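# Examining the three-dimensional arrangement
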Amino acid sequence: MEKHFAVIGNPIGHSYSPAMHNAGYKYLGIDAQYHRFQVPPDRLDEAVKGLCALGFSGWNVTLPHKETIIPHLDILTPQAKRAGAVNTVKILDGEKIGHNTDGDGFICSIESELGEFTDKRAVVLGAGGASKGIALALAAKGMHVHILNRTPEKAAELVRILDSKGGKGSFGEFKPGDWLEDVDLLVQTTSLGLRGEPFPFSLEGLCPKALAVDIIVTVQRTSFLQEANKLGCRVLDGTGMLLHQGALAWEFWLGGQAPIEVMLKGLEDQMQRERL
């Protein structure tokens, strides 16, 4: 019996998840299809009910629903509870189980570049759903996490969560500052750049030793990564995080080991087609 999975978000046309997952299903001969659905914030409840009614086995959740989907679920895994956000849902015995693979997926995507985590300093731009999983994962690895957000109160709340779990955190406003001079890892978690718009402030003064990561996945580098690269930093886009969080979601849904190399090839092939 064919299984169906999906990703829901708003916007969603940019998502490469279907190419990645469907390549894996085809390679392993799994009778499944992965879809993408645009779901405006005011239609989330209808979308969740519709996916259940249509017999979907699970789905991924992206901006802006990672936090607002929680009241629509029955159970949260420890990872989702810790992050206060959900990026993966599984239907099991009629119950909607919320999970979070963002943090572990992000760690997998940067560890070969960053090396050691302990006692290094990370600056995370944004305090939304993706930021929560990432910040908690970095704190758990022993990093000091400084969170900048347009609404500092939201960053302060995330730091409170970090501190309550034994992490080391601080917060500030989403703007340049002394933090630029002392950062080992700079992570851009907001949607800025998704539509090709410029980053809203200069990174001038950014420590050249920093690894700069934008979790957005686009064919062209975002303006954030372009500037960080010009300043001498190593840069990564969100391809690695997308791949690894997707592989962890696959394993949560289907068990076994996800075919990561095949999934990466599917992702890269789709990106290459869009470049042509």
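See above for the structure.
Structure report, in brief. Nothing here was measured: the structure is a model prediction, and the numbers come from that model.

Another aspect to go through is the overall build of the protein. Across its full length, the protein holds nine helices and 12 strands. Relative to its length of 276 residues, the protein is compact, with a C-alpha radius of gyration of 18 Å against a globular reference of 19 Å. The principal-axis extents of the C-alpha atoms in the protein amount to approximately 55 × 45 × 35 Å. Taken over 276 residues, the protein has a buried fraction of 50%. The long-range share in the protein, meaning contacts at least 24 apart out of those at least 6 apart in sequence, stands at 65%. When the accessible surface of the protein is split by element, carbon and sulfur atoms take 50% of a total near 12500 Å². Between the centroid of the 28 positive side chains of the protein and the centroid of its 33 negative side chains there is a distance of 1 Å.

This paragraph deals with the nonpolar core. Core analysis: the biggest nonpolar cluster contains 30 residues, and Phe 106, Ile 110, Leu 138, Val 145, Ile 147 and Leu 185 have the highest contact counts within it. Those elements that place two or more of their residues in this core are helix H4 (102-114), strand E7 (121-125), helix H5 (129-140), strand E8 (144-149), helix H6 (152-164), strand E10 (185-188) and strand E11 (211-214). The element best represented in this core is H5, accounting for seven residues. Non-local contacts of Ile 110, meaning those with residues more than four positions away in its chain, are made with Phe 117, Leu 138, Leu 185, Leu 211, Val 213 and Leu 236.

By the alternation rule, side chains of E10 split into Leu 185 and Val 187 and Leu 186 and Gln 188, which are all buried. In this structure, E7 lies alongside E10, joined through four bridges in parallel fashion. Paired with Ala 122 across the bridge in E10 is Leu 185. In terms of strand pairing, E10 meets E11 through four bridges, oriented parallel. Looking at E11, one finds that Val 187 is bridged to Val 213.

Turning our eyes to something else, we now look at unusual backbone geometry. For the peptide bond that leads from Asn 10 to Pro 11, omega is 5°, which places it in the cis range. Following Leu 63, the chain continues to Pro 64 via a peptide bond in cis, the omega torsion being 0°. Residue placement: Pro 64 occurs in the loop between strand E3 (58-61) and strand E4 (75-76). Unlike most non-glycine residues, Asp 93 shows phi in positive territory, near 55°. Along the polypeptide, Asp 93 turns up in the loop between strand E5 (88-92) and strand E6 (95-99). Notably, Asp 119 is not glycine yet its phi reads approximately 65°, a positive angle. Within the element layout of this structure, Asp 119 appears in the loop between H4 and E7. Judged by relative accessible area, Asp 119 falls into the exposed class, the value being 62%.

Under the criterion given, the structure shown has 10 aromatic pairs. Aromatic side chains Tyr 34 and Trp 253 sit 6.3 Å apart centroid to centroid with 50° between the ring planes, which places their arrangement in the tilted category. Of this pair, Tyr 34 sits in strand E2 (residues 32-38) while Trp 253 sits in helix H8 (residues 239-254), and the two are 219 residues apart along the sequence. Looking at Tyr 34, the relative accessible area reads 3%, which means it is buried. Taking 6.4 Å as the distance between ring centres and 80° as the angle between the ring planes, the aromatic pair formed by Trp 179 and Phe 201 counts as edge-to-face. Here the residue Trp 179 occupies a position in the loop between strand E9 (168-173) and E10, and Phe 201 occupies one in the loop between E10 and E11, the gap between them amounting to 22 residues.

A few words now on the sheet that holds E8. Spatial strand order, E9-E8-E7-E10-E11-E12: six strands in an open sheet with parallel pairing. A strand with exactly one partner marks an edge of an open sheet, and here the two such strands are E9 and strand E12 (234-236). Sheet twist, expressed as the average angle between the axes of neighbouring strands with direction ignored, equals 20°. Strand direction decides the pairing type here: E8 and E9, joined by six bridges, are parallel. When the bridges of E9 are listed, Ile 147 appears paired with Phe 171.

What follows is about helix H9 (residues 260-275). Relative to the 22 Å expected for 16 residues at 1.5 Å per residue, H9 spans 23 Å between its end C-alpha atoms, a close match to the ideal helical length. All buried positions along H9 are accounted for by Met 263, Gly 266, Leu 267 and Met 271. Relative to the axis of H9, the buried residues are bounded by an arc of 130° and lie together on one face. In this structure, H9 carries Glu 261 and Arg 273 as exposed residues pointing more than 90 degrees from its buried face. If you follow the buried residues of H9, they end up packed against helix H1 (17-28) and H8.

Quick notes on the rules
Residues numbered from 1 in each chain as written. Predicted model: local features only at pLDDT ≥ 70, side-chain atom pairs only at ≥ 80, totals over all residues. Heavy atoms only, no water. Helix = DSSP H or I, 4+ residues; strand = E, 2+ residues; numbered from the N terminus. Rg over C-alpha atoms; globule rule 2.2 N^0.38 Å. Buried < 20%, exposed > 50% of the residue type's maximum accessible area, 1.4 Å probe, protein only. Contact = heavy atoms within 4.5 Å. Areas by Shrake-Rupley, 256 points an atom, 1.4 Å probe, with all protein chains shown as cover. Lys, Arg positive; Asp, Glu negative; His and termini not counted. Charge placed at Lys NZ, Arg CZ, Asp CG, Glu CD. Core = buried A, V, L, I, M, F, W, Y, C linked by side-chain atoms within 4.5 Å. Pairing = 2+ DSSP bridges. Phe/Tyr/Trp six-rings, centres within 6.5 Å; stacked < 30°, edge-to-face > 60°. Axes fitted to C-alpha atoms, helices over the stretch in contact; angles between N-to-C directions. Expected span 1.5 Å × (residues − 1). Arc of directions from axis to C-beta.

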